[in-house]
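# Coordinate inspection notes
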Amino acid sequence: MATENQIADPDESRRRLIIIVVAILSAVVIATVIGLFVYVGRRSSPATLEGAIRAGSPEFAANQSKIVLDPPEAYESKQALGGIVMNLQTIVHNFTGRTLSGLEIKGVVVDHQGKPVNQSAVVVIPTTRQPELENNRSMAVGVMLDGMTAKDDRANIKMEVTAFKFK
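Residues numbered from 1 in each chain as written. Predicted model: local features only at pLDDT ≥ 70, side-chain atom pairs only at ≥ 80, totals over all residues. Heavy atoms only, no water.

### Digging into the overall build of the protein chain
Helix and strand content of the protein chain: two helices and eight strands. N-terminal to C-terminal, the α/β element order of the protein chain is α-β-α-β-β-β-β-β-β-β. The proportion of buried residues among the 167 residues of the protein chain is 27%. Contacts in the protein chain between residues at least 24 apart in sequence constitute 71% of all its contacts with a sequence separation of at least 6. Carbon and sulfur atoms form 57% of the exposed surface of the protein chain, whose accessible area is close to 11200 Å². (Helix = DSSP H or I, 4+ residues; strand = E, 2+ residues; numbered from the N terminus. Buried < 20%, exposed > 50% of the residue type's maximum accessible area, 1.4 Å probe, protein only. Contact = heavy atoms within 4.5 Å. Areas by Shrake-Rupley, 256 points an atom, 1.4 Å probe, with all protein chains shown as cover.)

### So, the confidence of the model for the protein chain
On average, the protein chain scores 86 in pLDDT, and the residues at 70 or more come to 89%. When mean pLDDT is compared element by element in the protein chain, strand β2 (residues 67-69) scores highest at 96, while helix α1 (residues 10-43) scores lowest at 80. (pLDDT = per-residue confidence, 0-100.)

### So, unusual backbone geometry
Following Ile 125, the chain continues to Pro 126 via a peptide bond in cis, the omega torsion being 0 degrees. In this structure, Pro 126 sits in the loop between β6 (116-125) and β7 (138-148). In the Ramachandran plot, Asn 136 falls in the positive-phi region, its phi being about 60 degrees despite a non-glycine side chain. For Asn 136, a relative accessible area of 54% corresponds to the exposed category.

### Quick notes on the sheet that holds strand β1 (residues 53-54)
Taken together, four strands build an open sheet; the order of strands is β1-β8-β5-β6 and the sheet is antiparallel. The open sheet has two free edges, formed respectively by β1 and β6, since each of these has just one partner strand. (Pairing = 2+ DSSP bridges.)

### Some points on the pattern of salt bridges
Within this structure, the stated rule accounts for seven salt bridges. One salt bridge in this structure joins Arg 16 and Glu 12, with 3.7 Å as the shortest N-O distance. Taken as a pair, Arg 16 and Glu 12 lie in helix α1 at a separation of four residues, close to a single helical turn. Judged by relative accessible area, which is 54%, Arg 16 ranks as exposed. (Salt bridge = Lys/Arg side-chain N within 4 Å of Asp/Glu carboxyl O.)

### Re the pairing of strand β4 (residues 84-94)
Burial analysis of β4 places eight of its 11 residues in the buried class, which makes it a mostly covered element. Here β2 pairs with β4 via three bridges, running antiparallel. When the bridges of β4 are listed, Ile 67 appears paired with Asn 94. Direction of pairing for strand β3 (residues 73-78) relative to β4: antiparallel, over a ladder of six bridges. Looking at the pairing, Ala 74 lines up with Leu 88 of β4.

### A word on a nonpolar patch on the surface
A cluster of nonpolar side chains, Leu 17, Val 21 and Leu 25, forms an exposed patch at the surface whose accessible area comes to about 290 Å². Mapped onto the secondary structure, Leu 17 falls in helix α1. For Leu 17, a relative accessible area of 54% puts it in the exposed group. (Patch = residues over 30% accessible without salt bridge, like charges linked within 9 Å, V, L, I, M, F, W, Y side chains within 5 Å.)

Rendered as structure tokens:
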């Protein structure tokens, strides 16, 4: 003779299964929405240095060679959703004879034909950590490039000064 504990209620087990499936689907939807917000937030506005000296001006041509970048290094890591992030790092040296109060650096990953695969610009001065860069001083600079895949042809990396301001 079967007791009440031995006989499982089919409606009860069906309800438990439905609750588990709904919880899993909800978690997937929430994770996808958060991932999209993070992705769109990173892509929405490129960094630019307002009122800066840019390529094409005589002052840019005269001083660009005096803002020296060491050869960049790259560190690659995989994201949970399968993408690849590359962090480009270099050291910037200021030999202009003046204090830099603004500096914009562009990092680029190029393919074997020299065409950009991914690029991003960052404003490295001013920040709370580095309000300015005095003459004959150096600082570390990093640019993060995300949104790449394993299929992308990543042959080389480049970093260059795209804009600057003097104090």
